[in-house]
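What follows is each chain in one-letter form.
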Amino acid sequence: MEQSCEAAIASGVTEIAITDHVDHVPADLGYGFYRPEAYLRELDEMRERFAGRLTVLRGAEVDYNDSTIDDVERFLDRYRDEYDFIIGSVHYFSDGAMIFPDYFAGKSLDEVFLPYLDQVERAVETGWFDSIGHLDLPKRYAPKTHRDYDPLLFKARLEPIFDRMIAKGVAFEINTSGLRQTPRTSMPSGLVVRWYADRGGKLITTGSDSHAAQTVGAGIPLTLDMLQLCGIEHVASFRKHQASLVPVSTLQTRAA
Ligand SMILES: [Zn+2]
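This is a predicted model, so every value here is computed, not measured. (Residues numbered from 1 in each chain as written. Predicted model: local features only at pLDDT ≥ 70, side-chain atom pairs only at ≥ 80, totals over all residues.)

Student: How do you make sense of the overall build of the protein when you look at a structure like this?
Tutor: Along the protein, the regular secondary structure elements total ten helices and eight strands. The globule rule puts the C-alpha radius of gyration for 256 residues at 18 Å, and the 17 Å found for the protein is close to it. Structurally, the protein occupies a C-alpha span of about 50 × 40 × 35 Å along its principal axes. Counting all 256 residues of the protein, 40% fall into the buried class. A fraction of 77% describes how many contacts in the protein between residues 6 or more apart in sequence connect residues 24 or more apart. (Helix = DSSP H or I, 4+ residues; strand = E, 2+ residues; numbered from the N terminus. Rg over C-alpha atoms; globule rule 2.2 N^0.38 Å. Buried ≥ 20, exposed ≤ 12 C-beta atoms within 10 Å, placed from the backbone. Contact = placed C-beta atoms within 7 Å.)

As structure tokens, then:
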């Protein structure tokens, strides 16, 4: 955590929520490793150590899908109030299959993306999450046979999800890891952000999905520029699950 905080400051980031994965599918490599008390203790040490230089928030990225809903609810019942910011992320389909390249074999894009977006929609409806992670994650894992992914194909499915997000005050994340990985665009990309803005959406968070200090803050300046081009003038910041809007322009100067 300490290295990540130092890296955040070096890359011009002013606020960081360290959102360790809370995995609920036994097949996941991270399953069984999350220790909330130890996390919260270390996080608070960082909060004190970096006070005045970096705002450090208590965060978590909670894996969600239909098959794990009871475990997710149990975790959130016990711990939700301890956190500032919780991302709800779909990494598995309802049958527990991971969105890895093998999953695409013999399937059309619709057969992969539509069930994924169904899970995303249900995550929104729970009202448990402040922001939805990497909205179009399957594109990161799409094998060569499925590189014809075009967000326009799913516009009609995304729009009602955006409407529910707006009605329920749920944000979504621009995950910049896609910029440095196969899709070479953020998850989601600017086009999708534009559709959300056109429907009146205002709650967007940014995340670099860093699993190592080297990539903390990567792609954030570019993403801030993209948001402005798409008509989003603020990013959302959460304290105890309450959103406030921070002008993008104030963040750009610092990240420049
Ligand atoms: Zn994730």
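Next comes the rest of the write-up.
Student: Teacher, can you tell me more about the sheet that holds strand S3 (residues 85-89) here?
Tutor: Adjacent strands of a sheet pair through backbone hydrogen bonds, lying either parallel or antiparallel. Sheet architecture is open: six strands sit in the order S1-S2-S3-S4-S5-S6, paired in parallel fashion. Only two strands of the sheet have a single neighbouring strand rather than two, namely strand S1 (15-22) and strand S6 (204-207). In this structure, strand S5 (residues 171-175) lies alongside S6, joined through four bridges in parallel fashion. Note that in S6 the partner of phenylalanine 172 across the bridge is isoleucine 204. (Pairing = 2+ DSSP bridges.)

Student: Please explain the pairing of S5 as it appears in this structure.
Tutor: Side-chain positions along a regular strand alternate between the two faces of the sheet. S5 sits mainly inside the fold: five of its five residues count as buried. Relative to S5, strand S4 (residues 131-132) is paired through two bridges, and the arrangement is parallel. Within S5, the position partnered with isoleucine 132 by the bridge is phenylalanine 172.

Student: Mind showing me how you'd approach the packing of helix H6 (residues 155-168) against helix H8 (residues 190-198) here?
Tutor: The contact between H6 and H8 brings their axes to 10 Å, and the two run at 45 degrees. Considering the angle they form, H6 stands oblique to H8. As H6 packs across H8, the resulting crossing turns out to be right-handed. Together, Lys155, Leu158, Glu159 and Phe162 of H6 and Val192, Trp195 and Tyr196 of H8 make up the contact between the two elements. Grouping the amino acids of the contact of H6 with H8 by side-chain chemistry returns five nonpolar, no polar and two charged. (Axes fitted to C-alpha atoms, helices over the stretch in contact; angles between N-to-C directions. Parallel < 35°, antiparallel > 145°, perpendicular 65-115°, else oblique. Left-handed = near helix turned anticlockwise from the far one by under 90°. Nonpolar A, V, L, I, M, F, W, Y, C, P; charged D, E, K, R; others polar.)

Student: Help me understand the packing of helix H4 (residues 109-126) against H6, please; the structure alone is not making it clear to me.
Tutor: For any two helices packed against each other, one specifies the inter-axial angle together with the distance between the axes. Two elements in contact, H4 and H6, have axes separated by 10 Å at closest approach and are oriented at 10 degrees. With respect to H6, the element H4 is oriented roughly parallel. Contacts from Leu114, Leu117, Val120, Glu121, Val124 and Glu125 of H4 reach H6 at Arg157, Ile161, Arg164, Met165 and Lys168. Looking at side-chain class alone, the contact of H4 with H6 contains six nonpolar, no polar and five charged residues.

Student: Would you explain the nonpolar core in this entry?
Tutor: The nonpolar side chains of soluble globular proteins are, as a tendency, buried together. By size, the foremost hydrophobic cluster in this structure holds 61 residues, and its most contacted members are Val120, Ile132, Ile204 and Leu227. Per-element accounting of this core gives the leading share, six residues, to H4. (Core = buried A, V, L, I, M, F, W, Y, C linked by C-beta atoms within 7 Å.)

Student: Explanation requested: the environment of tyrosine 31 in the structure shown.
Tutor: When you line up the elements, tyrosine 31 lands in the loop between S1 and helix H2 (36-49). The spatial distance from the C-alpha of tyrosine 31 to the C-alpha of proline 160 is 32 Å, given a sequence separation of 129 residues. Not counting residues within four places of it along the chain, the set of residues in contact with tyrosine 31 comprises Asp23, Val25 and Pro26.

Student: Which parts of the structure should I look at to understand the environment of valine 192?
Tutor: Along the chain, valine 192 turns up in helix H8. As for valine 192 and aspartate 136, which are separated by 56 residues in sequence, their C-alpha atoms are 9.8 Å apart. Residues in contact with valine 192, not counting those within four places in the same chain, are Pro151 and Leu158.

Student: So what exactly am I meant to see when it comes to the environment of phenylalanine 75 here?
Tutor: Its place among the elements puts phenylalanine 75 in helix H3 (residues 69-79). You can call phenylalanine 75 partly exposed: it has 19 C-beta atoms within 10 Å. Sequence separation of phenylalanine 75 and histidine 24 is 51 residues, and the distance between their C-alpha atoms is 9.8 Å.

Student: Looking at this structure, how should I read unusual backbone geometry?
Tutor: Negative phi values dominate among residues other than glycine, just as trans dominates among peptide bonds. Going from methionine 187 to proline 188, the amide bond is cis rather than trans, its omega being -5 degrees. Among the secondary structure elements, proline 188 is positioned in the loop between helix H7 (177-180) and H8. Residue aspartate 209 is not a glycine yet carries a positive backbone phi of 50 degrees. Along the chain, the position of aspartate 209 falls in the loop between S6 and helix H9 (220-229). You will see that lysine 240, though not glycine, has its phi angle at about 50 degrees, which is positive. Residue class for lysine 240 comes out partly exposed when judged on the 13 C-beta atoms lying within 10 Å of it.

Bear in mind that shape data such as this cannot, by itself, settle questions of function.
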